[in-house]
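The chain contents come next:
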There are 2 protein chains.
Amino acid sequence: MKLFSFWRSLATYRVRIALNLKGITPDEVIDINLPQGKQREASFAKINPMMAIPALIEDDGTVLFESLAILEYLDETHPNPPLLPKEPKARARVRGIAQIIAADTHPLIVPRVREYLAHEYNIDEAGVMKWGNHWHTTSLKALETVLAGSPHTGRYAQGDQITIADICLAGQAVGAAYFKADLAAFPTVKRIVDEVNKIDAFARAHPLKQPGAPASV
Amino acid sequence: MKLFSFWRSLATYRVRIALNLKGITPDEVIDINLPQGKQREASFAKINPMMAIPALIEDDGTVLFESLAILEYLDETHPNPPLLPKEPKARARVRGIAQIIAADTHPLIVPRVREYLAHEYNIDEAGVMKWGNHWHTTSLKALETVLAGSPHTGRYAQGDQITIADICLAGQAVGAAYFKADLAAFPTVKRIVDEVNKIDAFARAHPLKQPGAPASV
């Protein structure tokens, strides 16, 4: 298995956490330097035409893309520990929380979008930071309401089992820090993120622990 | 079962298609008029704190949100006809195609984002149309490459079985038309969309067939 990764990619961070939780070590981790535009080079565009990471190549050559699709695949092919509950309504809640982050928030702040705002609409750095802060804050408010108001929330987002919702929350917290959205206003989100960050599989997957990462952001 | 819907919502269109395919008729379809901002009113924000549709309330009161989470739920609770293949790599391909649309494209062009571009950055109508066209075109290029280049593509996105990938493609086509991204440049996408639009479950779910819709857009 080969993983295409970049230290700062929050979508790849999700996959790294899942691989660690499942005890899977990729044979190779290939660096796709996003600020250098490596994701747009022909060699990588051939692998993932969306020109985005993560991408994962299985041993038989099958290419997988989109982080949540990869997480579900890893969960189906390596069921222990499970990353989804068993009951359909609980699974829908976990997937819904994950998608508030992975669909409604993160795609709005990825490099290609920030670059397009800057180049096509002449939005300056402060304007782009405001954009990132706004979308993180919008979804953090929703996530806090969903999590704080539910009897299904436990030690983690869904009871006491680590799920893909927690994996996405860990990434949301890193994104929020980058865009100066203070998690203190969202105590349930913060409590869960603090809790999962104690887990070795999360800690080892953190962006700042990857090759090429700076000492801090 | 109650469905919160609006004729123009492409994410709700996905859920309507799935309900039709499964032969499920909601007891009630509640109109959430997006241009009037009904999604931000307290009565709906209490149901889905993300203030977005679709949302679905099950008979026991459980609230489900995020379209792909709802599609997976419907598939788990009403397995026939299945909306995902059985084999994990095929499932990952279907989910990956669906997420190129439902995560990497559609969240960029929903009303709240278009309104924020207009109000916060003074981007005019033409600028917002360009934005929508750009993100649709970007992902249509990727989707065409993924679909045209694969032996797994059949009559539909994954062989000859209707999946959530086709459901998302149908919505992408409506969004592309709205933002003047011509599908003619993406013949495999166009072929599949033309094919699924022949199916009654898709045709009945079309935005223009819903209560409140105009005769054309």
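Just above, that's the structure.
Presented here is a report on the structure given in the accompanying data block. Residue positions are given per chain, counted from 1 along the sequence in the order it is written. Written order decides the labels, with chains lettered from A and ligands numbered from 1. Reporting of local features is limited, given that this is a predicted model, to residues whose pLDDT is at least 70; pairs of side-chain atoms are given and counted only at 80 or more, and all residues count toward the totals for whole chains, interfaces and linings.

1. A short note on helix α3 (residues 67-77) of chain B
- In terms of burial, α3 of chain B is a largely internal element, nine of the eleven residues being buried.
- Field definition: a residue is buried when 20 or more other C-beta atoms are found within 10 Å of its C-beta, exposed when 12 or fewer are, and partly exposed for counts in between, with C-beta atoms placed from the backbone. A run of H or I in DSSP counts as a helix once it spans at least four residues, and a run of E counts as a strand once it spans at least two, with each numbered from the N terminus. Three or more residues of α3 of chain B are buried, namely Ser67, Leu68, Ala69, Ile70, Leu71, Glu72, Tyr73, Leu74 and Asp75 of chain B.
- Considering only its buried residues, α3 of chain B is in contact with α4 (88-102) of chain A together with α1 (10-22), β3 (55-57), β4 (63-65), α4 (88-102) and α7 (164-178) of chain B. Here, residues touch in the contact sense if the C-beta positions derived from the backbone fall within 7 Å of one another.

2. So, the relation of the copies chain B and chain A
- Here the copies were fitted onto each other by least squares, based on C-alpha atoms from residues at pLDDT of at least 70 in both. Its rotation angle being 180 degrees, the transformation that places chain B on chain A also includes 0.0 Å of axial translation and leaves an RMSD of 0.0 Å. Each copy turns onto its partner about a two-fold axis. Proximity to the rotation axis, assessed at the C-alpha, singles out Ala103 of chain B in chain B; its C-alpha lies 2.0 Å from the axis.
- When the interface residues of chain B are mapped onto chain A, 100% of them are again interface residues, pointing to one common binding face.

3. Overview of the pairing of strand β1 (residues 2-5) of chain A
Residue and element names in this part refer to chain A.
- For β1 and strand β2 (residues 28-31), the ladder comprises four bridges, and the chain directions are parallel. Among the inter-strand pairings, Ser5 is bridged to a residue of β2, identified as Asp31.
- Every crossover in which the path from the first strand over the helix to the second runs clockwise, viewed with the strands pointing away from the viewer, is termed right-handed. A crossover connection joins β1 to the parallel β2 through helix α1 (residues 10-22); in handedness this β-α-β unit is right-handed.
- Any two strands are treated as partners once DSSP identifies two or more bridges connecting them. One ladder, built from three bridges, connects β1 with strand β3 (residues 55-57); its direction is antiparallel. Bridging across to β3, Leu3 finds its partner in Leu56.

4. Examining the sheet that holds β4 of chain B
Residue and element names in this part refer to chain B.
- With respect to topology, four strands assemble into an open sheet ordered β2-β1-β3-β4, the strand pairing being mixed. Among the strands making up the open sheet, the edge pair consists of β2 (28-31) and β4. Geometrically, the sheet is characterised by an average inter-axis angle of 20 degrees between neighbouring strands, direction not taken into account. Where helices are involved, their axes are fitted lines through C-alpha atoms of the stretch in contact, as for all axes, and angles between N-to-C directions lie from 0 to 180°.

5. Considerations on the interface of chain B and chain A
- Facing the 36 residues of chain B at the interface are 36 residues of chain A.
- Those elements giving two or more residues to the side of chain B that touches chain A turn out to be β4, α3, α4, α5 (111-121) and α6 (125-148) of chain B.
- Among the elements that take part in the side of chain B that touches chain A, α4 of chain B stands out by supplying nine residues, more than any other.

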